[in-house]
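# Descriptive structure summary
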Amino acid sequence: MKRRNFLRVMGGAAGAVALQTPAMFSADFVEQSKPEAMPQRELGRTGMKLSVIGFPGLALNQKQYTQEQCNEGVKQAFAAGVNYFDTAPAYGTCEERMGIALQGLDRKKLFVGCKTKMRDAAGAKTELERSLQRLKTDYFDLYQIHHLRRPEEVQQVLGPGGAMETIVKAREEGRVKAIGFSAHTTKAALAALRGFKFDSVMFPITYVEFFLRDFGREVMELANEKGASIIAMKYMCKGAWLDPKEKSRQWWYRTMEEAREVNLAVRWSLSQKGVVTGIAPSFLDLFTKSVRAGYQYQPITAEETAELRTSAKACKSLFEAQEREVALHGVHGEEEFMHAYYNYPGHECSTQEVRT
């Protein structure tokens, strides 16, 4: 979107206040950003282009938003140059709400991604067909296996009778264009990348986890080796809450809030090799801040990276416990257990701690 068109759209968005719909992009946003166009990147081998900022469909499940507000939020995002819309059946009512909100937009200009948590072929088929109906579309630009945690899940998905049978067939039928997965643990992500030629991997790519524990490095390296594009999730995650009493949002992790820290966090993630886009936390105000960062994108500098490395030291890992649980799953015997525990990346502990 060129700046003159963007200004016109944003002027119209200001009138949304009178209709009690969320005017996400204000004149102040335009003045600060001075956008020319929302950057787009290709999803690897597919050739399809999507905006470097994706719309978090889960935000539409927030109870404070009416369907009318969801409609306006989606349309404002599209007018601002966002073409990637992410959703999943696990996100409550967001599929239905997004399906309604996307009506009237040019489907050929949209990049719609959906997911399935089903690990078997029959279950995946049921979810795929239901999601297509709810999103009111004939195809998905990207369809993903959702929330892989353990290698055993990957085996189930890829094995005989697994969800991939349904998804590959759907691609052959033209109902799915690209195939990907999302994962929250290194072991699951690496197993998936080694087991199938995925077009994309959605994984937490956040400077906090990266500088605290190198979390994400192995996944990015293997994804680049395999030619799978990376979709950064949790890129505005500031780690686990340090004190539950200080929660500023009812959310399961701390989020970047200030404009500068959002800008740096988003730019750091988008500067990593192979990352094509990212998904903001599921709040429309935070999504708006990430859009500003997308317009202002420039590769992160060495000085800014050093600043983020220092900032990460004051944070607490969100994913360490989950990583450890999966790393130690299936380990038997005290000697084997202690070896695995001691060699858990970035972890230092005493023998007493291991035993407790």
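These numbers come from a predicted model, not from an experiment.

What counts, and at which threshold
Residues numbered from 1 in each chain as written. Predicted model: local features only at pLDDT ≥ 70, side-chain atom pairs only at ≥ 80, totals over all residues. Heavy atoms only, no water. Helix = DSSP H or I, 4+ residues; strand = E, 2+ residues; numbered from the N terminus. Buried < 20%, exposed > 50% of the residue type's maximum accessible area, 1.4 Å probe, protein only. Contact = heavy atoms within 4.5 Å. Areas by Shrake-Rupley, 256 points an atom, 1.4 Å probe, with all protein chains shown as cover. Axes fitted to C-alpha atoms, helices over the stretch in contact; angles between N-to-C directions. Parallel < 35°, antiparallel > 145°, perpendicular 65-115°, else oblique. Left-handed = near helix turned anticlockwise from the far one by under 90°. Core = buried A, V, L, I, M, F, W, Y, C linked by side-chain atoms within 4.5 Å. Phe/Tyr/Trp six-rings, centres within 6.5 Å; stacked < 30°, edge-to-face > 60°. Lys NZ or Arg CZ within 6 Å of the ring centre and 35° of its normal. pLDDT = per-residue confidence, 0-100.

## A closer look at the overall build of the chain
Looking only at helices and strands, the chain features 16 helices and ten strands. Buried positions account for 56% of the 356 residues belonging to the chain. For the chain, the proportion of contacts with a sequence separation of at least 24, taken over those separated by at least 6, is 75%. For the chain, the accessible area works out to roughly 15900 Å², and carbon and sulfur atoms hold 50% of it.

## A look at the environment of Gly123
Tracing the backbone through its elements, the reader meets Gly123 in helix H5 (residues 121-134). Sequence spacing of Gly123 and Ala163 is 40 residues, and the spatial spacing of their C-alpha atoms is 7.4 Å.

## Observations regarding the packing of H5 against helix H7 (residues 163-172)
Axes are the key here: two packed helices are described by the angle between their axes and the distance separating the axes. Two elements in contact, H5 and H7, have axes separated by 6 Å at closest approach and are oriented at 45°. Between H5 and H7, the interaxial angle falls into the category oblique. Viewed along their axes, H5 and H7 form a crossing whose handedness is right-handed. Residues Ala121, Ala122, Ala124, Lys125 and Leu128 of H5 pack against Ala163, Glu165, Thr166 and Ala170 of H7.

## Remarks on helix H8 (residues 186-195)
All of the buried residues along H8 are Thr186, Ala188, Ala189, Leu190, Ala192 and Leu193. Residues of H8 that are buried make contact with strand S6 (140-148), helix H6 (151-158), strand S7 (176-183), strand S8 (200-204), helix H10 (217-226) and helix H14 (320-328).

## What about the nonpolar core?
Grouped together as the largest cluster of nonpolar side chains are 90 residues, with contacts concentrated most on Phe55, Leu102, Leu148, Phe181 and Tyr207. Ignoring sequence-local partners within four residues, the contact set of Phe181 consists of Gln144, Ile145, Leu148, Ala189, Ala192, Leu193, Phe198, Ser200, Val201 and Met202. Residues Leu43, Met48, Leu50 and Tyr84 belong to the second largest nonpolar core, which totals twelve residues.

## Description of the packing of aromatic side chains
Per the counting criterion, the structure on display carries 15 aromatic pairs. Centroid distance Phe215 to Phe319: 5.3 Å. Interplanar angle 20°. Geometry classified as stacked. Linking Phe215 in the loop between helix H9 (207-213) and H10 with Phe319 in the loop between helix H13 (302-312) and H14, this pair joins segments that are 104 residues apart in sequence. Chaining the aromatic ring pairs together yields one cluster made of Phe203, Phe215, Trp251, Trp252, Tyr253, Phe283 and Phe319. Over the aromatic face of Phe283 sits the side chain of Arg249, whose NZ or CZ is 4.8 Å from the ring centroid.

## Focus on the confidence of the model for the chain
Averaged over every residue, the pLDDT of the chain is 86; the share at 70 or more is 82%. Across residues 27-34, confidence stays below pLDDT 50; counting only partners more than four residues off in sequence or on other chains, it has 15 contacts.

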